Amino acid sequence: MPVRSTDPIIHKAAWLYYTHGLRQDEVAQRLEISRASIATYLRRAREMGIVTITTSSELFTDDVLARELEDAVGLNTVWIVPEDRQAMNAEAEMPVVAASVFLELINKGDRIGVAWGRTVYHIADVMPFADLRGVTVVQLCGNLGAPYSYRPDQCTTEIARRLNAEGINLYAPLVLSSERLAEELRAEPVIREQLATISDCDLALYSVGGIEKDSHLVKCGALSAGEMDEMGAKGAAGVIAGQLIDRDGRWMDCSHNRRCMSADLTSIRSIKKRMLVVQEDNKFESLVAALKGGFASHLIVTTSMARRVLEHWSREGLGKGSGTP
């Protein structure tokens, strides 16, 4: 049976009420929904058998795993896409679940920041059409060369089109040829204003890039394979909106980042709802770095990735990140 994006909310309400012992009004406040909705969710949880999660069958294994990961890392909500159900293809299901979750997180008049990459592009490609006039979709980072697939402007424009929302592209290259040129371009009024308003976003959608030799930054020519190897030796672990972060999720003070036309990472972290979608197994180290850096409040991953992250968090004795539990 396909994963429904509302199921984790029902399970989350039951988890907070029965496991953490919160009152219904406290659960409603934590999930930012009405108390009446909580009462409905708890009734549905009893009907579905979720309240007996300690003795339930394998049906709710992934739900328990999601709640444990939320508690450990400090995330608002985790959605898990199973990989071991015959009726489900995780690779095909991931963008469908992510698109559904994304739509549910949008409120009237929201400003949404969108990054780039294969994952984001596939989410846009399966996103249902909706009439969300009054919503604005903004590009979080500069653009890539025309031949490159999954460009930032393509992702932003397609999502805006699917939502019938206003789309705002950032008309600047992702990486400039010199730090001086990048600094001067950031000072241009139009670019400066666009970058300054990123922190005003209500929701952000992105994935975290890897630092492999075939990563997006290498493929698009922003860095050579040798330069990427060198950055990895210096502690680079992932890419957020075109910028390199280290193993603790901190912005790296390097030439690439100083030449990068992208939203300030502090501005991205200040966005209340930060939806991070990670599918590839080889992005484990990058995902851990992004979580340490506080780049996710809402997370969508596969079962195996969720288990790896939870085991790593427990083994390393890490505290909660910057998510909102």
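None of the values given here were measured: they were computed from a predicted structure.

With that settled, the discussion passes to the overall build of the protein chain. For the protein chain, the count of helices and strands is 15 helices and 9 strands. Considering the protein chain as a whole, with its 325 residues, one finds that 54% of them fall into the buried category. Partitioning the contacts of the protein chain with sequence separation of at least 6, the portion at a separation of at least 24 is 72%.

What follows deals with the pairing of strand E3 (residues 136-139). Taken residue by residue, a regular strand's side chains alternate between the two faces of the sheet. In E3, alternate side chains face the same way, and those of Thr136 and Val138 on one face and Val137 and Gln139 on the other are all buried. You can see the chain leave strand E2 (residues 111-114), run along helix H6 (residues 118-126) and come back into E3, and the turn it takes is right-handed. Sheet topology places E3 next to strand E4 (residues 166-168); 3 bridges connect them, and they run parallel. Residue pairing across strands places Val137 opposite Gly167, the latter belonging to E4.

The next point concerns the nonpolar core. Ranked by size, the top nonpolar core spans 100 residues in total, and within it Phe102, Ile159, Ile240, Leu244 and Met275 carry the most contacts. At 8 residues, the largest contribution of residues to this core is made by helix H5 (residues 90-105). Core analysis: the second largest hydrophobic core is formed by 7 residues, Leu170, Ala172, Leu176 and Ala182 among them.

Once that is clear, we can look at H5. Helix length check: H5, at 16 residues, gives a terminal C-alpha distance of 22 Å against a target of 22 Å (1.5 Å per residue), a fit within 8%. By the burial criterion, the buried members of H5 are Ala90, Glu93, Met94, Pro95, Val97, Ala98, Ala99, Val101, Phe102 and Leu105.

We now examine the side chain of Gln243. Looking at the element boundaries, Gln243 is found in strand E7 (residues 243-246). With relative accessibility at 5%, the residue Gln243 sits in the buried group. Excluding residues within four positions of it along the chain, Gln243 makes contact with Gly238, Trp251, Asn257, Cys260, Ser262, Ala263 and Leu265.

Let's shift gears to the pairing of strand E6 (residues 236-240). The element E6 is largely enclosed, with a buried count of 5 among its 5 residues. Two elements, E6 and E7, share 4 bridges in a ladder whose sense is antiparallel. Bridge assignment links Ile240 to a residue of E7, and that residue is Gln243.

A separate point is helix H14 (residues 284-292). Since the α-helix turns once every 3.6 residues, residues separated by three or four places project in the same direction. Where burial is concerned, most of H14 is hidden: 7 out of the 9 residues are buried. Burial in H14 covers these residues: Phe284, Ser286, Leu287, Val288, Ala289, Ala290 and Leu291. Phi turns positive one or two residues past the end of H14, at Gly294, with a value near 80 degrees.

Moving on, we come to the packing of aromatic side chains. Counted by the stated rule, this structure contains 1 aromatic pair. Both rings, one in Tyr121 and one in Tyr150, keep their centres 5.4 Å apart while their planes meet at 55 degrees; by these two values the pair is tilted. Residue Tyr121 is located in helix H6, and its partner Tyr150 is located in the loop between E3 and helix H7 (152-163); the two are separated by 29 residues in the primary sequence. Between the NZ or CZ atom of Arg308 and the centre of the ring of Phe284, over which it lies, the distance is 4.2 Å.

Applying the stated criterion across every chain yields a total of 18 salt bridges. In this structure, Asp153 engages Arg151 in a salt bridge whose closest nitrogen and oxygen atoms are separated by 2.9 Å. Note on accessibility: Asp153 and Arg151 belong to one class, buried. If you follow the salt bridges from partner to partner, you end up with Asp246, Asp248, Arg250 and Lys292 in one network.

Low pLDDT means the predicted coordinates in that region are not meant to be read closely. Counting all residues, the mean pLDDT for the protein chain is 86, and 89% of those residues have values of 70 or more. When pLDDT is averaged over each element of the protein chain, E7 comes out on top at 98 and helix H1 (residues 7-19) at the bottom at 75. Below a pLDDT of 50 lies the segment residues 1-5, which in the model reaches 16 contacts outside its immediate sequence neighbourhood of four places, other chains included. Every residue in residues 53-59 is under pLDDT 50, and counting partners more than four places away or in other chains gives 6 contacts.

A pair of packed helices is captured by two measures, namely the crossing angle of their axes and the spacing between those axes. Look at helix H2 (residues 24-31) against helix H3 (residues 35-48): their axes get within 8 Å of each other, and the N-to-C directions meet at 105 degrees. Classed by the angle they form, the pair H2 and H3 counts as roughly perpendicular. When H2 is examined against H3, the residues Gln24, Asp25, Val27, Ala28 and Leu31 are found in contact with a partner set consisting of Arg35, Ile38, Ala39 and Leu42.

Rules used in this analysis
- Residues numbered from 1 in each chain as written.
- Predicted model: local features only at pLDDT ≥ 70, side-chain atom pairs only at ≥ 80, totals over all residues.
- Heavy atoms only, no water.
- Helix = DSSP H or I, 4+ residues; strand = E, 2+ residues; numbered from the N terminus.
- Buried < 20%, exposed > 50% of the residue type's maximum accessible area, 1.4 Å probe, protein only.
- Contact = heavy atoms within 4.5 Å.
- Right-handed = clockwise from strand over helix to strand, strands pointing away.
- Pairing = 2+ DSSP bridges.
- Core = buried A, V, L, I, M, F, W, Y, C linked by side-chain atoms within 4.5 Å.
- Expected span 1.5 Å × (residues − 1).
- Phe/Tyr/Trp six-rings, centres within 6.5 Å; stacked < 30°, edge-to-face > 60°.
- Lys NZ or Arg CZ within 6 Å of the ring centre and 35° of its normal.
- Salt bridge = Lys/Arg side-chain N within 4 Å of Asp/Glu carboxyl O.
- pLDDT = per-residue confidence, 0-100.
- Axes fitted to C-alpha atoms, helices over the stretch in contact; angles between N-to-C directions.
- Parallel < 35°, antiparallel > 145°, perpendicular 65-115°, else oblique.

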